[in-house]
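# Secondary and tertiary structure notes
Spelled out, the chains give:
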Amino acid sequence: MSFAPLPSAVPPGLINLYSDTQTKPTPGLRAAMARAEVGDEQRGEDPSVNALCERMADLLGKEAAMFLPSGTMCNEIAVLVHCRPGDEVIGAADCHILVAEGGAPAALASVLVTPLRSLRGQFSPADVEAAIRPTSRYAPTTRLVAAEQTANLGGGTVWPVAQLNAVAETAKRHGLATHLDGARLMNAVVASGIAAREHAKGFDTVWVDFTKGLGAPVGAVLAGSRALIGEAWRWKQRLGGAFRQGGICAAGCLYALDHHVERLVEDHANARALAAGLAQLPGIAVDAPETNLVFFDVSGTGMTAEEFCHALEAEGVRMGAMGPTRVRACTHLDISAADIQAALDATERVLARACKAA
Ligand SMILES: *Cc1c(COP(=O)(O)O)cnc(C)c1O
C-alpha cells in the first residue's frame, strides 16, 4: 500500500491557511500548560482535567464529560457507545466520520455509515425520516444520527439551532440516538450568538475540539449523560486513549476557553475579507463564508485545485485542495488581516501568470 508523501517541513514565513489545526501554542497558552496542576488522569485524579471536564459539561449542558486526545476519538467512541455491530449511522455524505476517519466506523464499531444528501452539510428532519429503515429481519438497524456544527466540508456553515433541534427531535421520535460533532462548535456559538448548550440540547453526545480555532496543541472533550460517559470510559481505556498527567494538555484547553473563544470573531472577519477579495478575482467562484472556512472553485482559472495550490505555495501561501477544482482556506489564531491581504496579492500573481500562460 502506498500513500502520497506529505511535505516534510513548512517553509519559514508561509501564510498557512491550510487548516485551523496549524496554529502554534501562544506564549500564554504554553505558560498555562507549564504551571498546570496534574495527577493520574486515568484514575480520575488530575485536577486540571477534572476542571476542564466539569467546565465543558456545564458549557454543553450535559451531566458529564471526558477528555480525549482528539476529535476523531470522540466521534469513534460515540459511535461505539451508541451502536452495536451491524447497526447503521446516518449523517451528511461529506461528514468527517464518513470521509476522514480511516473507515473507523466499519473497522472499529462494525457499523455502516449511510450518507444523507445535504445542503452545505445540513439535512432536514424529512431527510432523517426518509433514511430510517423499517424494522425488519433484513435491514440493518438505523441507530444513530450524526450532525456537524459547523459543517466542515459543507463550507463551515452554521446549522440554525431550530433545524438541529428538529433533526434531533425526529431522531428521538424514532428511537434513534443523536451525536453532534462540534469540532468547531465554538465558531458556531460566536457566529450565531447562541450558547453552546442550546446547539447541543437535542444531542445525546457532543464534543468540542481544542486543536482547531481554539489553538491548543492536544485535546477534545466529549460530553453526555453520566451513563454514556461511563460507557465511553471503557472504550477510552480499550483504545488506549487514557492519559497520565493529561492536565498539562487540559490546562492549555482551559486557557483556550478563557482567551481564544471571543477572538474567533476576528477569524470570521478575516474569512469574510478573504472571500470578498477572492470574489473580485477572475475565474474564482467563492461561497459566502459563515465562519472561518472559505471554500472556492477555481475551474474558471483553467487550473485544477492541485495546480492552483501548488502555484500559490510557491508564492508563500498554503491552502488546501478539497476536490478537483475546490479549494479551502481556513483563518485562525496565527492569521492576521495583513496576512489576508498578502494572500490575496499572492493569489492575484498566480492568476496573472496562469492568464499569461493560457
Ligand atoms: C477536525 C475534525 C474532526 C477530527 O478532529 P481531530 O481532533 O483532528 O481528530 C472531526 N470532525 C470535524 C468536523 C473536523 O473538522
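Residues numbered from 1 in each chain as written. Predicted model: local features only at pLDDT ≥ 70, side-chain atom pairs only at ≥ 80, totals over all residues. Heavy atoms only, no water.

## So, the overall build of the chain
- The secondary structure content of the chain amounts to 14 helices and 13 strands.
- Since a compact globule built from 358 residues should have a radius of gyration of about 21 Å, the 21 Å found for the chain is in line with a globular shape.
- Dimensions of the chain, computed from C-alpha atoms along their principal axes, come out at roughly 60 × 55 × 45 Å.
- Expressed as a percentage of contacts within the chain between residues at least 6 apart in sequence, the contacts between residues at least 24 apart total 74%.
- In the structure as shown, the chain presents an accessible area of about 15600 Å², 55% of it carried by carbon and sulfur atoms. (Helix = DSSP H or I, 4+ residues; strand = E, 2+ residues; numbered from the N terminus. Rg over C-alpha atoms; globule rule 2.2 N^0.38 Å. Contact = heavy atoms within 4.5 Å. Areas by Shrake-Rupley, 256 points an atom, 1.4 Å probe, with all protein chains shown as cover.)

## A short note on the pattern of salt bridges
- Under the criterion given, the structure shown has 17 salt bridges.
- In this structure, the salt-bridge partner of Arg184 is Asp20, at a minimum N-O distance of 2.7 Å. With Arg184 in the loop between strand 6 (177–182) and helix 8 (185–192) and Asp20 in the loop between strand 1 (15–16) and helix 1 (27–34), the pair connects residues that are 164 residues apart, well separated along the chain. The same class applies to Arg184 and to Asp20, which are both buried.
- Across the pair Arg318 and Glu313 runs a salt bridge, and its minimum N-O distance is 2.7 Å.
- According to the relative accessible area criterion, Glu313 is partly exposed, its value standing at 27%. (Salt bridge = Lys/Arg side-chain N within 4 Å of Asp/Glu carboxyl O. Buried < 20%, exposed > 50% of the residue type's maximum accessible area, 1.4 Å probe, protein only.)

## Things to note about the domain arrangement of the chain
- Looking at the assigned domains, one finds that the chain contains domain 1 (27–259) and domain 2 (263–357).
- The centre of domain 1, based on its C-alpha atoms, is set 29 Å off from the matching centre of domain 2.
- Between domain 1 and domain 2, the residue contacts involve 18 residues of the former and 15 residues of the latter.
- Where domain 1 abuts domain 2, roughly 1300 Å² becomes buried across the two surfaces, and 54% of that area is made up of carbon and sulfur atoms.
- Our count for the domain 1 to domain 2 interface comes out at one salt bridge.
- The partner of Arg120 in a salt bridge is Glu290, with the nearest N and O atoms 4.0 Å apart.
- With four residues, helix 8 is the largest single contributor of residues to the side of domain 1 that touches domain 2. (Domains from an automatic or database assignment. Buried area = accessible area lost by both parts, 1.4 Å probe.)

## Some points on the site of the ligand
- As a structural note, the neighbourhood of the ligand is formed by 14 residues, with Gly71, Thr72, Asp181, Asp209 and Lys212 the closest of them.
- For the ligand, an oxygen atom lies 2.8 Å from a polar atom in the backbone of Gly71.
- Isolated, the ligand exposes 380 Å² of accessible area, and the fraction of that covered by the protein chains is 87%.
- A class-by-class count of the residues in the shell around the ligand yields two nonpolar, seven polar and five charged. (Near = heavy atom within 4 Å. Polar contact = N/O pair within 3.5 Å; in protein donor to acceptor, adjacent residues only side chain to side chain. Nonpolar A, V, L, I, M, F, W, Y, C, P; charged D, E, K, R; others polar.)

## Some thoughts on the pairing of strand 3 (residues 88–92)
- Summarising burial for strand 3: five of the five residues are buried, a large majority.
- Here strand 3 pairs with strand 4 (residues 112–116) via five bridges, running parallel. Counterpart to Ile90 in the pairing with strand 4 is Thr114.
- As defined by bridge partners, strand 3 adjoins strand 5 (residues 142–148) across four bridges and the pair is classed as parallel. What sits directly across from Glu88, in strand 5, is Thr142. (Pairing = 2+ DSSP bridges.)

## So, the layout of surface pockets
- Quantified by volume, the second largest pocket comes out at close to 320 Å³.
- Taken together, 15 residues form the lining of the second largest pocket, with His96, Ala100, Asn152, Met322 and Arg328 sitting closest to its centre.
- Considering only residue class, the lining of the second largest pocket consists of six nonpolar, four polar and five charged. (1 Å grid on protein atoms, 1.4 Å probe; cavity = no way out; pocket = protein on both sides within 12 Å on 5 of 7 lines; lining within 4 Å. Points joined across faces, edges and corners; volume = space filled by probe spheres on them.)

## Points about the environment of Pro289
- Counting through the fold element by element, Pro289 comes out in the loop between strand 9 (285–286) and strand 10 (293–297).
- Taking C-alpha positions, Pro289 is 6.2 Å from Arg272, a pair spaced 17 residues apart along the chain.
- With sequence-adjacent residues up to four places away left out, Pro289 is seen in contact with Ala271, Arg272, Ala275 and Val294.

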